[in-house]
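Here are the chains, one letter per residue:
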Amino acid sequence: MNTTVQNLNIEYQDRGTGPVLLFLHGWAAPLAAYEPIFRVLEKKYRVIAPQYPGSGASQEPDRPWKLEDYGAFVLAFCDALAVTPEVLMGHSHGGRISLWLLGNGHLSPRKCVLMDAAGVPAKKTAKQKLTLRLTESAEAMRKEKVFLADSLADISHQLRTP
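A few points on the structure. (Residues numbered from 1 in each chain as written. Predicted model: local features only at pLDDT ≥ 70, side-chain atom pairs only at ≥ 80, totals over all residues. Heavy atoms only, no water.)

A few points about the packing of aromatic side chains
To keep things clear, this is the line we draw: Stacked, tilted and edge-to-face pairs are distinguished by plane angle, under 30 degrees for stacked and over 60 for edge-to-face with tilted covering the rest, among Phe, Tyr and Trp rings (Trp via its six-membered ring) whose centres lie within 6.5 Å. In this scheme, a residue with accessible area under 20% of its type's maximum is buried, one over 50% is exposed, and one in between is partly exposed, where area comes from a 1.4 Å probe on protein chains only.
This model, assessed by the stated rule, comprises nine aromatic pairs. Here Trp65 and Phe73 contribute two aromatic rings whose centre-to-centre distance is 6.0 Å and whose plane-to-plane angle is 50°, an arrangement assigned as tilted. Overall, the relative accessible area of 17% leaves Trp65 in the buried class. A relative accessible area of 0% places Phe73 in the buried class.

Here's what the structure looks like:
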């Protein structure tokens, strides 16, 4: 399907019936990549997924866009289709746009699903946290010329080493 949003020809998918689920894809990902997800979701939801300007068959914008531009596009897209999403689902870059829309009070769906959303720090394992702390400590010790010594000879040697 196609529609015009902000004077751009936009490709999108609109399938299924039920509450509106707005799906925002990852950076430059084709909607076809999400086909398995859409097939499951369309059984319970009306899945609407725009292809961002400059990706897929959607028209290229006249300039590079910032996050705010993508957010404004999503709002204009929803207005063009006269829909208010009950569920907002975003993958990667789509997750970042979702967070911007929610954080600025532009959308207030009943549910939001973020999949590997850009802008959300990954949770670190205990091993990753320990490795990071040890690396930071070693670097601080190196910069401050802090060292561990087992004997006076070690101290003398470390003091002579640049």
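Thoughts on the nonpolar core
Here is the rule we go by: In this description, a nonpolar core means a group of buried Ala, Val, Leu, Ile, Met, Phe, Trp, Tyr and Cys residues linked to one another through side-chain atoms lying within 4.5 Å. Strands are runs of DSSP state E lasting at least two residues, helices are runs of H or I lasting at least four, and both sets are numbered from the N terminus onward. By the convention used here, residues are in contact when the closest approach between their heavy atoms is within 4.5 Å.
Core analysis: the largest hydrophobic core is formed by 22 residues, its most contacted members being Leu22, Leu24, Ile48, Phe73, Val74 and Phe77. For this core, the elements supplying multiple residues, two or more each, are strand E2 (8-15), strand E3 (20-24), helix H2 (67-81) and helix H3 (93-103). It is H2 that contributes the most residues to this core, six residues altogether. Every residue in contact with Leu22, bar those within four places of it in the chain, is listed here: Ile48, Pro50, Val74, Phe77, Cys78, Pro85, Val87, Leu88 and Met89. The next biggest cluster of nonpolar side chains, apart from the first, holds twelve residues, and it includes Leu41, Tyr45, Val47 and Ala49.

Observations regarding the side chain of Asp69
Put simply, the rule reads: Any pair of nitrogen or oxygen atoms within 3.5 Å is treated as a polar contact; in protein, a donor-acceptor pairing is required on top of that, and neighbouring residues in sequence qualify only through side-chain atoms on both sides.
One can find Asp69 in helix H2. The exposure class assigned to Asp69 is buried, which follows from its relative accessible area of 16%. Within the structure, Asp69 has its side chain in polar contact with the side chain of Arg63 (distance 3.1 Å). Within the structure, Asp69 has its side chain in polar contact with the backbone nitrogen of Lys66 (distance 2.8 Å). Not counting residues up to four positions away in its chain, the partners in contact with Asp69 are Arg63 and Pro64.

Thoughts on the pairing of strand E4 (residues 46-50)
Rule in force here: Whether two strands pair comes down to DSSP finding at least two bridges between them. Orienting the strands away from the viewer, one traces the path from the first strand over the helix to the second; a clockwise path indicates a right-handed crossover.
Of all five residues in E4, four are buried, a share of seventy percent or more. Here E2 pairs with E4 via four bridges, running antiparallel. In the sheet register, Tyr12 faces E4, and the bridge partner there is Pro50. Inspection of the sheet shows E3 paired to E4 by three bridges, in the parallel sense. Bridging from a neighbouring strand, Leu21 pairs with Val47 of E4. Each parallel crossover has a hand, and the one from E3 via helix H1 (residues 35-41) to E4 is right-handed.

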